[in-house]
Amino acid sequence: MTKRTPFYDLHLAANAKMVDFSGWDMPLHYGSQIEEHHQVRRHAGMFDVSHMGVVDLHGAGVAAFLRYLLANNVDKLAEGRALYTCMLNQQGGVLDDLIVYQVSPSFYRVVINAGTREKDLAWMREQAKSFDVTLTLREDLVMLALQGPEVQEKLGCYFTPDQVRLLQALKPFAFTTFDDWFIARTGYTGEDGYEVFFPASQTADFWQACLKMGMAPCGLGARDTLRLEAGLNLYGADMDETVTPLESNLAWTVAMQPEDRSFIGREALQQQIQQGVTRRLVGLVLEGAGIIRHHQKVMRDGQGAGEVTSGGYSPTLGISIALARVPVSAEGQHCQVEIRHKQIPVKIVKPPFVRNGKKMF
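The sections below set out a description of the structure shown in this document. (Residues numbered from 1 in each chain as written. Predicted model: local features only at pLDDT ≥ 70, side-chain atom pairs only at ≥ 80, totals over all residues. Heavy atoms only, no water.)

### With respect to the overall build of the protein
And step 1. Secondary structure summary: the protein contains nine helices and 22 strands in total.
And step 2. Relative to the globule expectation of 21 Å for 361 residues, the C-alpha radius of gyration of the protein, 21 Å, shows essentially globular dimensions.
And step 3. For the protein, the spread of C-alpha atoms along the principal axes amounts to about 60 × 50 × 40 Å.
And step 4. Here the protein holds 361 residues, and 55% of them are scored as buried.
And step 5. Considering only intrachain contacts with a sequence separation of at least 6, the fraction spanning at least 24 residues in the protein is 66%.
And step 6. Accessible surface for the protein amounts to roughly 15900 Å². Of this, 49% is attributable to carbon and sulfur atoms. (Helix = DSSP H or I, 4+ residues; strand = E, 2+ residues; numbered from the N terminus. Rg over C-alpha atoms; globule rule 2.2 N^0.38 Å. Buried < 20%, exposed > 50% of the residue type's maximum accessible area, 1.4 Å probe, protein only. Contact = heavy atoms within 4.5 Å. Areas by Shrake-Rupley, 256 points an atom, 1.4 Å probe, with all protein chains shown as cover.)

Quick look at the structure:
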């Protein structure tokens, strides 16, 4: 039996094509995945992301707990700021990637992926036993991601002038609160925008208000092509428990300093650094006909040199792009991808492919 977010009936009313995503009934698209993609790049779109897990952590030991639990260091945070990080196992494998927000020194909020929700909660609760901290899954909240260059302007029709000024002043990875609303300048599209957490009782009212403001409903299909263009990893495809952040273009999310901070997976990462990281995640741009897909082989000189982790068509660029894990020894700017038993040339680039609607390579 799949789960449904409080937006479910609103998705059906908007003619969404619903699919099973990590055990949730979620919209794939509302008619045209390509048009939804362009809507976000050029104007404004909204995504129901209420299937993700919102976990509130309270207690005198919450900061110490998160310093131990996460690969990035929450000591970097101040009130009203957020941090992207991985949560690792003892072998340095990625259990999940997440965002952590500091509301106060004794109150943090964490947003975890839908597909890892139950696993993450069990892991976090087990690790929390030695700390003065309580974890609460906020199932009373919903989450709507508003993304695109016109989002700021459109929100002026809903919030008060003072609230709009606060929203406009937010820097990336900062947030503010209005009563029981929590609004962060974060997203998963490579565009400006906000992720809005608010009471489930107000689901229909805010959805309808967003429609009137001209924000187009967008589904999982557009969300995936947007994040791929932005070079953002998808958990379960580009990284999982079998790879470390150092092999996933996420070394920047690991805080090895200060040296005396003990965190889960640290020893495994130190060992990997000492021995030398052997694989890396790169971007690929197809230079021939076809579409790059997940699990296709990356070839060099007729030999296997890696595997595509995410791939597809880029609506913004009009070409096929991908992320792939290849050996560090695979130097140079060109290789091939095996598509239907043919080796098609690709160019190796550094992600992102697109940022704020502009080509980045």
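### Notes on the state of the cysteines
And step 1. Per the counting criterion, the structure on display carries zero disulfides.
And step 2. Considering cysteine sulfurs only, Cys157 is the nearest to Cys210, which forms no disulfide, with 11 Å between them.
And step 3. Looking at Cys210, the relative accessible area reads 0%, which means it is buried.
And step 4. Between Cys218, a cysteine without a disulfide, and Cys210, which holds the nearest cysteine sulfur, the sulfur-to-sulfur distance is 11 Å.
And step 5. Look at Cys218 and you get buried, because its relative accessible area is 2%. (Disulfide = S-S within 2.5 Å.)

### Examining the sheet that holds strand S1 (residues 3–4)
And step 1. Ordered by their spatial adjacency, three strands build an open sheet running S1-S3-S2, and the pairing between neighbours is mixed. In this open sheet, the two strands that pair with only one neighbour each are S1 and strand S2 (17–21).
And step 2. The pairing of S1 with strand S3 (residues 24–29) spans two bridges and is classified as parallel. Bridging across to S3, Lys3 finds its partner in Trp24. (Pairing = 2+ DSSP bridges.)

### Looking at the pairing of strand S12 (residues 181–184)
And step 1. Residues Trp181 and Ile183 of S12 are buried on one face, and the alternating residues Phe182 and Ala184, pointing to the opposite face, are buried as well.
And step 2. Pairing between strand S11 (residues 175–178) and S12: four bridges, direction antiparallel. Bridging from a neighbouring strand, Phe178 pairs with Trp181 of S12.
And step 3. Hairpin connection, S11 to S12: the antiparallel pair is bridged by two residues, and Asp179 has positive phi, about 55°.
And step 4. Here three bridges tie S12 to strand S13 (residues 193–199), and the two strands are oriented antiparallel to one another. Each residue of the ladder has a partner; that of Ala184, found in S13, is Glu195.

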